[in-house]
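Chain residues, written in single-letter form:
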2 protein chains.
Amino acid sequence: MKKFVNDPKDFVAEMLEGLALANPDTLRYVPEYNLIMRADAPQEAKVSIVQGSGSGHEPAHVMSVGKGMLDAACPGDVFAAPPADFVYETVKRVASPKGVLLLVNNYTGDRMAFEMAEELAQADGIEARTLFIDDDVSVEDSTYTVGRRGVAGNFFVMKAVGAAAERGADLDEVHRIGTKVNSVARTMGMALTACTPPAKGSPLFELPADEVEMGVGIHGEPGRRREKLRQAKDMVKDLVTAVVEDLPFASGDRVALMVNGLGGTPIGELYLVYGLAHKQLADLGIQVHRSYVGEYCTSLDMAGVSVTLVRLDDELIDLFGAPAEIPIRVF
Amino acid sequence: MKKFVNDPKDFVAEMLEGLALANPDTLRYVPEYNLIMRADAPQEAKVSIVQGSGSGHEPAHVMSVGKGMLDAACPGDVFAAPPADFVYETVKRVASPKGVLLLVNNYTGDRMAFEMAEELAQADGIEARTLFIDDDVSVEDSTYTVGRRGVAGNFFVMKAVGAAAERGADLDEVHRIGTKVNSVARTMGMALTACTPPAKGSPLFELPADEVEMGVGIHGEPGRRREKLRQAKDMVKDLVTAVVEDLPFASGDRVALMVNGLGGTPIGELYLVYGLAHKQLADLGIQVHRSYVGEYCTSLDMAGVSVTLVRLDDELIDLFGAPAEIPIRVF
């Protein structure tokens, strides 16, 4: 295993410590619960937004904590749901009089942790509500889910509810917006290589040198099929087609298009994929109104991409364009 | 080779086309010269800033074109200097009455192309001046250089001269600032794996499973030494020590600290490295005033990192904090 790690069991804690050290003015780190929170949370005048998940998907979600996005994230270990008490302790620390919205990608372990935390928080008199994200079109039930998986589309849910909360929307309204985004967001990914969890020290699954996994999950779960490696244009065409046909997206739609890297694919390749996807959508009469190219929801060092489309309307265009201040910056 | 490519000889053109499609309002793409320029360039009231280099280092430099950074970038093929006429045609298109500053990482091929373009532009009456960047401490002369190599520290030069130019500084002043940044920026990198150029289709060099290349160049050139893979803390300590001792940085210094991923290393590991470097600097009494964690100057899909330190003063803190609008965004 060739990684920048010390003792693999300290990987998550050391990553979070680095994140906190890099953002001393804006983030607070509570090691006992893998908790990264806004230094100024809770804000009394806004709904607080919390997301947990396994680690290994960075920048989701710990690097998405900041003004206009999440108030807190409390990841579990690599690819493991956070324990319920991590979520409960997080909710208590960021609870606002306007309530707390819990965002959960739809995996069984995460659902259980968040539903338990929601109950515990409600018993304390905290108005907490949970919203499940399930944007992955590749499979219905899967290794770790009943129903569809939540993947990179979660970025758009975070962004929209974060913006709405910042503007003072109440919990019902924030929940409505998040539900709406999830209902018009669709994603499919594919892997060129497996990923290697630090504690395992070897690739999570076997993928021959000439094969790819179409519809891979963000924990390396199987997708729709194994197939031979082909030229980018052929593989991207299949990804985009699967996403378009699912909602379905149609001629005249305005969309946000995200090409998300899974961790090991360089940004030059992501822009090449973006160009192919953009032109395919244009041929279908689907207008890309906002573009997102980079890493948003990864699978450790997996080489691969996912393509997300979100059908836009004026409300979502407004929310997606709102300012946000999160740790990841490039200038 | 597992990459998102079509015909490998089209890789750069297809990447640039994707970049242009993703940024239709702000960027203009001139395919004949691999030219990505601000749609609103030239701006008469400011010095224009141009950088070329080989491709394969993205987001350097084509994804750094925008307000407050570069006016244009004209890369060559992967790891190949742009032909002189690419640079010359670029300079003509963005030439402003206030002049053009050409930024060049110190590689022999790039120097030749830019010096020739500078002469051609001057013969046309364009006030063009070249600034060489050589922040890499790992080796003196190298495979492709006389003198030191220019690597991730070029980001800080771009940012500072871009900010100064945007504020209306003249060519002398912009050149002074860029020279100053280069004089206080130091970088060293290391590779865990080799990179694979699309046209080659196989790794550029051999690196055994238990070895790393300390001081690697951004084209996979040899560094100081091969050594056994160790824990992150031991490898990072050596990187930081080499950078600190070179300037040297000293107790009481305020610095910008960049942990730059070389393309295949996930951001979770970059933050772990950041935390180790930050604490080592704190132990030396060196205060990190600004942090940069992510990919700034890559080597295709190479797994590895570089560490850059820049000694700050009030002028540089002001310039680094200026706004910029470039393609890479996360919200």
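Scroll up to find the structure.
A brief structural summary. (Residues numbered from 1 in each chain as written. Chains lettered and ligands numbered in written order. Predicted model: local features only at pLDDT ≥ 70, side-chain atom pairs only at ≥ 80, totals over all residues. Heavy atoms only, no water.)

1. Focus: the packing of helix α6 (residues 232–246) of chain A against helix α7 (residues 267–283) of chain A
In helix packing, the relevant descriptors are the interaxial angle and the interaxial distance, both defined with respect to the helix axes. Residue and element names in this part refer to chain A. Stated formally: All axes are obtained by fitting lines to C-alpha atoms, using only the stretch in contact for helices, and the reported angles, taken between N-to-C directions, cover 0 to 180 degrees. In DSSP terms, a helix is any run of H or I states spanning at least four residues, a strand is any run of E spanning at least two, and both are numbered starting from the N terminus. To sort the angles, those under 35 degrees are grouped as roughly parallel, those over 145 as roughly antiparallel, those from 65 to 115 as roughly perpendicular, and the leftovers as oblique. Crossing chirality is assigned from the near helix's rotation relative to the far helix, an anticlockwise turn below a right angle marking it left-handed and a clockwise turn marking it right-handed. Working rule for contacts: check all heavy atoms of both residues, and any pair within 4.5 Å makes them a contact.
Two elements in contact, α6 and α7, have axes separated by 9 Å at closest approach and are oriented at 50°. Viewed along their axes, α6 and α7 adopt a mutual orientation that is oblique. Of the two possible hands of crossing, α6 and α7 adopt the one that is right-handed. For the pair formed by α6 and α7, the contact residues are Ala232, Lys233, Val236, Lys237, Val240, Thr241 and Val244 on the first element and Leu272, Val273, Leu276, Ala277, Gln280 and Leu281 on the second.

2. Remarks on the sheet that holds strand β4 (residues 72–73) of chain A
All names here are of chain A. The condition is simple: Two strands pair under a simple rule: DSSP has to find at least two bridges between them.
With mixed pairing, the six strands of this open sheet are ordered in space as β1-β2-β4-β3-β5-β6. Each edge of the open sheet is held by one strand with a lone partner, namely β1 (27–30) and β6 (128–133). By the bridge criterion, six bridges tie strand β5 (residues 100–105) to β6 in an arrangement that is parallel. Bridging from a neighbouring strand, Val104 pairs with Phe132 of β6. Its contacts with the sheet place helix α1 (residues 11–22) against β1 and β2 (35–38), and it is angled at close to 155° to β1. Where helix α2 (residues 84–94) meets the sheet, it contacts β1, β2, β3 (48–51), β4 and β5, and its direction lies at approximately 15° from that of β2.

3. Some thoughts on helix α3 (residues 108–123) of chain B
It helps to recall that an α-helix has 3.6 residues per turn; residues three or four apart then point in one direction. All names here are of chain B. Spelled out, the test is: The length a helix should cover is 1.5 Å for every residue beyond the first. Relative accessibility under 20% of the residue-type maximum defines a buried residue, over 50% an exposed one, and the middle range a partly exposed one, all with a 1.4 Å probe and only protein chains included. The arc refers to the directions leading from the helix axis to the C-beta atoms.
End to end, α3 covers 23 Å across 16 residues, agreeing with the expected 22 Å (1.5 Å per residue, within 8%). Within the sequence span of α3, burial applies to Asp110, Ala113, Phe114, Ala117, Glu118 and Ala121. The buried residues of α3 occupy an angular sector of 135° when the element is viewed end-on, so they sit on one face. Every exposed residue of α3 that faces more than 90 degrees away from the buried side is listed here: Met112, Glu119 and Ala123. For α3, the elements touching its buried residues are β3 (48–51), α2 (84–94), β5 (100–105) and β6 (128–133). The positive-phi residue at the C-terminal boundary of α3 is Gly125, with phi of around 85°.

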